[in-house]
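So the chains spell out like this:
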Amino acid sequence: MKSQIVLALDTSCDMLCCAVGRIARPNSFEMLSTHDHLCRRHANEELVNSAIEALADAGLTMVDVDAVLVGRGPGSFTGVRIGIATAKGLACGLNKPLVGGSTLDATAWTAWQAGVRGKLAVALDAMRGEVYPGIYELDESGVHRTFAAETVQKADACVAEWASRSDSGELQLTGNGLIKYRDRFEKTGLDNVLAESLWYPTGAALLAASCPELWVTLCADDVEMRAPASGQLQHDGQLPVGSQPDAPAPGQLQPANSSLANPRPGNPALVLPVYTRLSDAEENERQRLGMAQPTSVAVTGVADELAGLHTQLRPMSINDVEQVTALEREAFAGAAHTPWSRTMFEDEFAQPGRTWWIAHDRGEIVGFAGGMLAGDTLELLDVAVSPSRRREHIAARLVARVAYDGHVLGAQAITLEVAELNAPAQALYKSLGFEKVGRRRKYYRSGEDALIMTASLPLAEVGSAAIRVREADKPAHGDKTVSCAPRDPVPGEPAPDEPAPGGDSVLGGSALSGVPARRDAAARERIAAAGPLVLGIESSCDETAMAILDGTGRVLANVVATQIDFHARFGGVVPEIASRKHTEAIVGVFEETLAEAGAALGTTPLTPADLAAVGVTAGPGLVGALVVGVAFAKGLCGATGLPLIAVNHLEGHLLANLFATPDLEPPFVASLVSGGNTMLVHVRAWGDYELLGATIDDAVGEAFDKVAKALGLGYPGGPIISHLAAKGNPRAIHFPRAMMHSGDYRFSLSGLKTAVITYIQGENRAGRPINLSDLAASFEAAVIDVQVSKARRAVDECEVDDFCVGGGVAANPELREAYQREFGRRGVRVTVPPLKACGDNGAMIALAALRSYRAGLFADLSLDAAPNAKLDVWTCDYPPVAQPW
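Description of the structure in this document. Values in this document were obtained by computation on a predicted structure and should not be read as measured data.

## Description of the nonpolar core
- Ranked by internal contacts, the top residues of the largest apolar core, which has 49 residues, are Leu680, Ile721, Phe779, Phe803 and Tyr819.
- Of all the secondary-structure elements, those providing two or more residues to this core are β25 (668–673), α17 (700–710), α18 (717–725), α19 (750–766), α20 (772–798), β28 (802–806) and α21 (813–824).
- The contacts of Tyr819, once residues within four sequence positions are left out, are Ser671, Gln787, Val788, Ala791, Phe803, Val805, Gly824 and Val830.
- In terms of nonpolar packing, the next biggest core, distinct from the first, is built from 39 residues, Ala269, Ile527, Ala585 and Phe632 among them.

Okay, here's the thing in structure tokens:
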């Protein structure tokens with residue numbers, strides 16, 4: 001193999017590491033340039049430009065890069081994610097392998113490269129009074145770990161442990177944890193501290209630490225033909241004469257477009273941060289359950305993507321027992337399994353070490369599963385799905401959720417018994433990674449044997465299992481929700497690892513794995529005629545979404561990976577979990593989007609070379625979530641030379657109305673209502689927005705969620721409340737209409753939310769049953785009355801003939817109808833986006849980006865997330881460009 005150019009990056013701490021090296025042998029490299037510098041809290045602004053400058057210093061450009069190397073931490077969670085998301089964007093743009101290295105190891109190599117030998121103790125700052133510790137042996141051959149995996153430890157505990165070692169006098173200390181805790185170490189005699197200049201990783205040290213893995217990856221990658229980057233070399237998707245794409249092994253299911261299903265070395269989807277601990281929400285749950293905190297965390301969750309529009313997961317409660325018992329009888333009627341009784345379910349809630357989850361569709365329980373912790377093994381006790389709701393991935397999601405709980409609680413494996421003749425259930429468990437390990441003779445009352453199956457935790461296959469979609473189940477073209485769990489098998493159908501009769505489609509998405517497929521001249525012409533093609537990236541909250549629009553505004557692909565199931569148990573979005581899941585999902589969503597767009601154009605998956613620009617939500621939103629999307633977009637643009645376009649999330653929701661009314665033109669009044677925003681906007685011109693008023697406390701969507709949580713209905717609350725309200729009396733309970741007559745355009749939802757919760761508590765104390773439908777309808781009516789009243793006044797005052805709605809709550813059917821009723825009789829046209837465009841999606845971001853592209857409004861690669869961005873100061877002058885969805 002010829003020498004290879006590697007771009008190395010690390011932003012795990014205040015030192016921004018950036019270097020370029022050449023690797024020609026397994027254990028050595030040549031440094032070509034370095035661009036390391038201290039960069040506190042500005043890594044996202046400086047990283048991509050630093051990489052470009054480092055390459056320029058070496059006389060190179062992005063097209064010369066053969067692999068990207070990134071530090072995975074441990075370190076600042078946000079810092080690590082900035083580096084990894086940027087590196088993923090670079091690798092995807094270049095279509096080159098990505099390798100992850102240890103920041104802890106790199107810090108040790110910094111000392112080695114400075115001539116330090118002997119025993120080295122590294123303590124990196126983990127904040128919260130904690131450090132990431134590691135002890136190494138340094139000799140002439142290199143750096144050697146004396147531990148297995150990175151961990152986190154209280155600083156005082158680390159001091160005490162190192163001071164008590166028999167070789168404590170030999171330890172040489174380094175690491176940026178010494179900035180805070182040096183005096184604590186020195187007070188115990190651990191005073192052999194290296195110079196402060198050696199306390200950080202460097203790009204050269206990261207290369208040294210990762211050289212062997214890089215060599216293996218590059219050797220594996222060297223045999224594959226790879227597409228050059230956009231903006232550097234032209235790529236038409238054709239193979240060299242005589243070359244063939246890799247074929248799957250006989251009998252092996254090979255998803256055509258799944259990065260996770262292609263675990264080749266260097267797959268960018270598989271490079272994830274080293275966190276060492278769970279999110280605060282998960283740690284608090286462990287404390288509530290009386291469990292010890294783990295010292296190392298391999299995963300933060302599973303791919304609990306939505307299988308249907310409304311089906312959600314939540315923990316089972318004692319109030320669910322009646323429905324669960326009825327479902328148990330229905331699901332196992334005539335089966336070998338003896339159905340559990342109501343008493344058995346009730347007894348479960350008094351037992352420790354249990355985890356039970358239900359799947360519900362707007363309040364109706366359609367499935368459940370539960371497990372019991374026994375030492376370091378989780379025993380799966382029961383799984384049931386309503387016969388009418390099978391084939392919807394529900395059982396797989398429930399098992400994955402219970403398995404995740406077991407892993408969080410310390411289980412290393414999961415085990416179960418399944419009837420020998422229940423082939424569909426066995427196929428489901430096999431697809432999740434279970435293997436047959438034994439048999440229980442005549443285990444069931446019918447005399448049938450039970451097979452014992454087990455799997456290691458975490459379930460490795462949950463995030464990569466391929467999914468077949470029956471033709472009747474396929475979503476409409478251009479709108480797909482990514483789902484990573486296999487659907488429930490049914491009798492007579494092939495197991496998940498067998499080819500489906502008739503060649504049914506397999507989901508996934510990798511335009512980057514292996515060699516590109518051949519494109520004919522007609523396909524190339526279709527792509528050229530459709531241009532400019534613009535990619536939109538959305539990651540402002542809990543959904544990783546991307547879309548591609550053609551030059552007319554037509555949606556070629558719209559992919560959403562949602563995290564709703566994962567956040568449901570906490571009753572709302574957990575920002576840290578959202579950020580982690582974005583980092584996990586973003587490459588898969590990107591690849592799926594390219595594949596979808598290629599299919600829409602009748603060709604192979606698109607490549608970055610086919611795109612004209614990349615738009616990304618820069619704000620407002622959750623800062624940690626925004627950072628992932630922005631960093632990935634900048635990496636992609638930095639690698640390819642594509643223009644970068646910053647999009648305001650709120651403006652995206654405004655522009656989503658163009659998918660319903662293409663001729664919509666300002667001036668008009670718009671209501672933006674979602675989980676994070678409630679406001680009225682006077683759109684005087686595209687890009688000229690006057691904020692008339694906004695909520696002073698809770699947003700509408702937030703109020704729906706909190707009321708649903710108080711009623712134990714699950715998260716998100718909007719669809720559930722809306723479904724119940726449709727069957728209720730909106731005048732049954734009088735709730736306050738706060739600020740309806742305030743004379744301005746401000747809103748307040750906090751008082752209404754409190755009034756509803758107070759009503760619930762009062763009825764519970766009095767022992768009176770609550771009519772959920774009437775309560776939901778009365779609450780919804782109180783919200784809508786205020787929204788419509790203030791919107792009517794704004795339309796009159798601004799003297800406009802158009803009114804629009806945007807945001808997730810715009811999907812509420814009663815709100816949509818109320819606006820139509822009110823303004824229809826006034827001769828005001830009402831526009832609401834298509835339901836698929838109400839929630840967060842990449843299509844609205846791509847549309848905003850397309851308009852900016854037409855106007856030549858581009859962002860610099862120093863763009864950073866703007867979590868508090870305002871709509872009324874985000875001004876742009878757009879020419880009209882939009883077509884129906």
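## Focus on the pairing of strand β27 (residues 688–694)
- Sheet topology places strand β26 (residues 678–685) next to β27; six bridges connect them, and they run antiparallel. What sits directly across from Leu680, in β27, is Gly693.
- Hairpin connection between β26 and β27: a loop of two residues separates the two successive antiparallel strands, and Gly687 in this loop has a positive phi of roughly 95 degrees.

## Some thoughts on the environment of Lys180
- Its place among the elements puts Lys180 in helix α5 (residues 178–187).
- Beyond its immediate chain neighbours, meaning those up to four positions away, Lys180 contacts Asp125 and Met127.
- Within the local environment of Lys180, its side chain forms a polar contact with the side chain of Asp125, the two groups lying 3.1 Å apart.

## Regarding the sheet that holds strand β13 (residues 354–361)
- Strand order in the open sheet made by the seven strands is β12-β13-β14-β15-β16-β18-β17, with mixed pairing throughout. Two strands in the sheet have a free side with no partner beyond their single neighbour: β12 (311–315) and β17 (435–440). Between one strand axis and the next, the sheet turns through 25 degrees on average, direction left out of account.
- Of the strands in this sheet, β13, β14 (364–374) and β15 (377–385) touch helix α8 (residues 321–331), which is tilted by about 95 degrees from β14.
- Contacting β15, β16 (413–419), β17 and β18 (450–456), helix α11 (residues 423–431) crosses the sheet at an angle of about 165 degrees to β16.

## A short note on the pairing of strand β9 (residues 142–145)
- The pairing of strand β8 (residues 130–139) with β9 spans four bridges and is antiparallel. Along β9, the bridge assignment pairs Glu137 with His144.
- Counted along the chain from β8 to the antiparallel partner β9, the turn is two residues long.

## Some details on the pattern of salt bridges
- With the rule as written, the count across this model stands at 45 salt bridges.
- A salt bridge links Asp105 to Arg145, with the shortest nitrogen-to-oxygen separation between them at 2.9 Å. Linking Asp105 in helix α3 (residues 103–113) with Arg145 in strand β9, this pair joins segments that are 40 residues apart in sequence.
- By relative accessible area, Asp105 is classed as buried at 15%.
- For Arg145, a relative accessible area of 29% gives the class partly exposed.
- One salt-bridge network, held together by shared partners, links Arg792, Asp796, Glu822, Arg825 and Arg826.

## Side note on the sheet that holds β27
- Spatial strand order, β27-β26-β25-β28-β29: five strands in an open sheet with mixed pairing. Of all the strands in the sheet, just β27 and β29 (829–831) have a single pairing partner and so form its edges. Taken over all neighbouring pairs, the strand axes of this sheet differ in orientation by 20 degrees on average, direction set aside.

## Here's the deal with the side chain of Ser671
- Mapping Ser671 onto the fold places it in strand β25.
- Judged by its relative accessible area of 1%, Ser671 is buried.
- Excluding residues within four positions of it along the chain, Ser671 makes contact with Met679, Leu680, Gln787, Phe803, Cys804, Val805, Gly806 and Tyr819.

## Things to note about the packing of α19 against α20
- At their nearest, the axes of α19 and α20 sit 11 Å apart, and the two run at 165 degrees to each other. The angle between α19 and α20 places the two elements in the roughly antiparallel class. In this structure, α19 crosses over α20, and the sense of that crossing is right-handed. Where α19 abuts α20, its residues Leu752, Val756, Tyr759 and Ile760 lie against Leu775, Phe779, Ala782 and Val783.
- Per-class residue counts for the contact of α19 with α20 are eight nonpolar, no polar and no charged.

Criteria and thresholds
- Residues numbered from 1 in each chain as written.
- Predicted model: local features only at pLDDT ≥ 70, side-chain atom pairs only at ≥ 80, totals over all residues.
- Heavy atoms only, no water.
- Core = buried A, V, L, I, M, F, W, Y, C linked by side-chain atoms within 4.5 Å.
- Buried < 20%, exposed > 50% of the residue type's maximum accessible area, 1.4 Å probe, protein only.
- Helix = DSSP H or I, 4+ residues; strand = E, 2+ residues; numbered from the N terminus.
- Contact = heavy atoms within 4.5 Å.
- Pairing = 2+ DSSP bridges.
- Polar contact = N/O pair within 3.5 Å; in protein donor to acceptor, adjacent residues only side chain to side chain.
- Axes fitted to C-alpha atoms, helices over the stretch in contact; angles between N-to-C directions.
- Salt bridge = Lys/Arg side-chain N within 4 Å of Asp/Glu carboxyl O.
- Parallel < 35°, antiparallel > 145°, perpendicular 65-115°, else oblique.
- Left-handed = near helix turned anticlockwise from the far one by under 90°.
- Nonpolar A, V, L, I, M, F, W, Y, C, P; charged D, E, K, R; others polar.

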